[in-house]
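Working through the structure, step by step
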Amino acid sequence: MWYDYRFRAYPDRTGVTAEVERHIDIHRQAYNHTRYEYNTLDTGEDNIGSTYQHQKRLTEWKDGWPVFKEVHSKALQKTVERFYDNLSNLSEKKQNGHNVGWLKWKSPPEYQSMTYSQSGFELKNTSGRHATLWLSKIGDIPIRYHRTIPDNATIKEVTLKKETTGEWYVTFGLEVEDTALPEKPDVDDLGAEDCVGIDLGITNYIYTSDGDSVDWLDVSDEYDRLRREQRSLSRKEHGSNNWETQRREVAKVKRRIKRKVEDFQHKLTTWLVKTYDAVFVEELNVSGILQQRGNARNKQDAAWRGFIEMLEYKGELHGTHVVQVNPRGTTKECAECGVETEKPLWVREHNCPSCGFEVDRDANASYNVLSRGLQELGLGQAEVTLVETATDVETDGGQSSSVPASRVIETGSLGA
């Protein structure tokens, strides 16, 4: 399993900031040269067309342009790989029906990171709140070591990046052997009470099949400030010192929004994987949702794909089954009898015309997600459990609970 740990870095404290920036610019030139050769050289005869083939040209590059000898060899290979990864992502988007262009030439402001893979780095002095990252051909970089890298994790990659705010961060790519991860509960030992279905809602951020709901995260104040700062930026002369200062202010507000959303998601997903043995969630077409009228900014705030990815990797870390299910008809289909009923978005109650089953619209969807998840694990539909749960939540005041997003952030969990 692979996951990342991110730390604040301070290259200025050891006076290597200029050297780091010089190395990143060399990698930018290597990226652009990879792009140039891909577009101009004959594939096959000139050893291009794939990461491995193009990396074999690096020796020739170093003979022709000695500047490429000044950066670490593995990092240079990673830069070539970065181009082909971007190319692959672009091709995948095109196959999925997106109207995409071509990979652009990178200017200095657009290329602000480099990655050391496999070698050329060492993490030192990790006994306190600060540690030191050594990078080959650069030197020592202090980092704020606010959390310890697990003993069962191996550092495979190190990425040093300058954010748009001007701050530096280092990301460690960690690999954990599957044998070192907690064992997930045996599927045959699971019951419906150990599992939860999650509806990614409209009026609520999530609604669970246990009757719990979490409100949307309110970032309206941050967006109001972002609009003010952007208006101020538009009045500055582009490229001036005042413009650059204001650009960083805009970047800081965007960073605050991103951090607030990620913090909320981290705490919410941690609560879910620690509370249940199996978590079922809809497999979403995120791009399709974003294209729906009026939904774009709300769904971007939600960052559904990031939420689901967090669930999946935390499920591995905590020994919890996380299963994505087919989302088709989860809202329309009756959780009791299976009859589908059309509902416009403004209809918030499910009232089945066939069996008379009445429940909140999002609750009905969460029961269907739970039922499909149980089927995915081979545990059957568990219809009786679903109906009993739905009835209890509706009739027994106090079992269903709604939690404001602010409480998730403040306490770190729903149960606190």
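Residues numbered from 1 in each chain as written. Predicted model: local features only at pLDDT ≥ 70, side-chain atom pairs only at ≥ 80, totals over all residues. Heavy atoms only, no water.

**Regarding the overall build of the protein chain**
When you go through the protein chain residue by residue, the secondary structure sums to twelve helices and 15 strands. Put simply, the protein chain has 416 residues, and 44% of those count as buried. Sequence-distant contacts in the protein chain: of pairs separated by 6 or more residues, those separated by 24 or more amount to 66%. Carbon and sulfur atoms form 43% of the exposed surface of the protein chain, whose accessible area is close to 21,700 Å². (Helix = DSSP H or I, 4+ residues; strand = E, 2+ residues; numbered from the N terminus. Buried < 20%, exposed > 50% of the residue type's maximum accessible area, 1.4 Å probe, protein only. Contact = heavy atoms within 4.5 Å. Areas by Shrake-Rupley, 256 points an atom, 1.4 Å probe, with all protein chains shown as cover.)

**What about the pairing of strand β4 (residues 130-135)?**
Sheet analysis places strand β3 (residues 121-124) next to β4, joined by four bridges and oriented antiparallel. Paired with E122 across the strands is W134, a residue of β4. The antiparallel pairing of β3 with β4 creates a hairpin that spans five residues between the two strands, and N125 there sits at a positive phi of about 55°. Across six bridges, β4 lies against strand β5 (residues 139-144) in antiparallel orientation. If you follow T132 over to β5, its bridge partner there is P142. Here β4 folds back onto β5 in antiparallel fashion, the turn holding three residues, of which K137 has a positive phi close to 70°. (Pairing = 2+ DSSP bridges.)

**A short note on the packing of aromatic side chains**
Going through the model one piece at a time under the given rule, you end up with 17 aromatic pairs. Taken together, a centroid distance of 5.4 Å and an interplanar angle of 25° make the contact between F7 and Y145 stacked. Of this pair, F7 sits in strand β1 (residues 2-9) while Y145 sits in the loop between β5 and β6 (153-162); the two residues are 138 residues apart in sequence, bridging distant segments of the chain. One aromatic cluster is present, built from ring pairs that chain together Y3, Y5, F7, Y145, F172 and Y313. Lying over the aromatic face of Y169, R8 brings its terminal NZ or CZ to 5.8 Å of the ring centre. Its end group placed over the ring of Y5, R147 keeps NZ or CZ at 3.7 Å from the ring centre. (Phe/Tyr/Trp six-rings, centres within 6.5 Å; stacked < 30°, edge-to-face > 60°. Lys NZ or Arg CZ within 6 Å of the ring centre and 35° of its normal.)

**Side note on a negative patch on the surface**
A grouping of E183, D186, D188 and D189 is seen on the molecular surface, where their side chains present a negatively charged patch. Along the chain, D188 turns up in the loop between β7 (168-176) and β8 (195-200). Classification of D188 as exposed rests on a relative accessible area of 67%. (Patch = residues over 30% accessible without salt bridge, like charges linked within 9 Å, V, L, I, M, F, W, Y side chains within 5 Å. Salt bridge = Lys/Arg side-chain N within 4 Å of Asp/Glu carboxyl O. Lys, Arg positive; Asp, Glu negative; His and termini not counted. Charge placed at Lys NZ, Arg CZ, Asp CG, Glu CD.)

**Topic: the packing of helix α1 (residues 17-40) against helix α4 (residues 73-95)**
Where α1 meets α4, the axes come as close as 9 Å, and the angle between the chain directions of the two elements is 50°. On the basis of the axis angle, α1 is oblique to α4. Here the hand of the crossing between α1 and α4 comes out right-handed. Counted together, H27, A30, Y31, T34, R35 and Y38 of α1 and A75, L76, T79, V80, R82, F83, Y84, N86 and L87 of α4 form the full contact between these two elements. A per-class count over the contact of α1 with α4 returns nine nonpolar, four polar and two charged. (Axes fitted to C-alpha atoms, helices over the stretch in contact; angles between N-to-C directions. Parallel < 35°, antiparallel > 145°, perpendicular 65-115°, else oblique. Left-handed = near helix turned anticlockwise from the far one by under 90°. Nonpolar A, V, L, I, M, F, W, Y, C, P; charged D, E, K, R; others polar.)

**Some words on helix α10 (residues 361-376)**
The end-to-end C-alpha distance of α10, which contains 16 residues, comes to 23 Å, matching closely the 22 Å that a straight helix rising 1.5 Å per residue would cover. Directly after α10, the chain includes G378, whose backbone phi takes a positive value near 80°. (Expected span 1.5 Å × (residues − 1).)

**Description of helix α9 (residues 304-318)**
Taking 1.5 Å per residue as the helical rise, α9 with its 15 residues ought to reach 21 Å, and the 21 Å between its terminal C-alpha atoms agrees with that figure. Restricting attention to buried positions, one finds in α9 the residues W304, F307, I308, M310, L311, K314 and G315. Along the axis of α9, the buried positions cluster into a sector of 155°, meaning they face one direction only. G319, located one to two residues past α9, shows a positive phi value of around 70°. (Arc of directions from axis to C-beta.)

**Digging into the pairing of strand β11 (residues 278-282)**
The buried fraction of β11 is high, at five of five residues. Taking every second residue as pointing to the same face, both faces of β11 are buried, with A278, F280 and E282 on one and V279 and V281 on the other. Alignment of β8 against β11, held across four bridges, turns out to be parallel. If you follow C195 over to β11, its bridge partner there is A278. Pairing analysis gives five bridges linking β11 to strand β12 (residues 321-325), with the strands arranged parallel. Residue E282 lies in a different strand from β12, and its bridge partner there is V325.

**What about unusual backbone geometry?**
With phi around 75°, Q118 is a residue other than glycine that occupies positive phi space. Within the secondary structure layout, Q118 lies in the loop between β2 (113-117) and β3. For N125, which is not glycine, the phi dihedral falls at a positive 55°. Tracing the backbone shows N125 in the loop between β3 and β4.

**Here we look at the sheet that holds β12**
With mixed pairing, the six strands of this open sheet are ordered in space as β12-β11-β8-β9-β10-β15. Bordering the open sheet on either side are β12 and β15 (401-403), each of which pairs with just one other strand. Shown here is a sheet whose adjacent strand axes are inclined to one another by a mean of 20°, direction ignored. Sheet analysis places β8 next to strand β9 (residues 206-208), joined by three bridges and oriented antiparallel. Across the sheet, residue D199 finds its bridge partner in β9, namely Y207. Against the sheet, α10 touches β8, β9, β11 and β12, its axis set at about 130° to β8.

**Things to note about the confidence of the model for the protein chain**
Here the protein chain shows a mean pLDDT of 85. Residues at 70 or above account for 87%. Here helix α11 (residues 383-395) stands out as the element of the protein chain with the lowest mean pLDDT, 42, in contrast to β5, whose mean of 97 is the highest. Across residues 382-399 the pLDDT falls below 50, and counting only partners more than four positions away or on other chains, this stretch makes 22 contacts in the model. (pLDDT = per-residue confidence, 0-100.)

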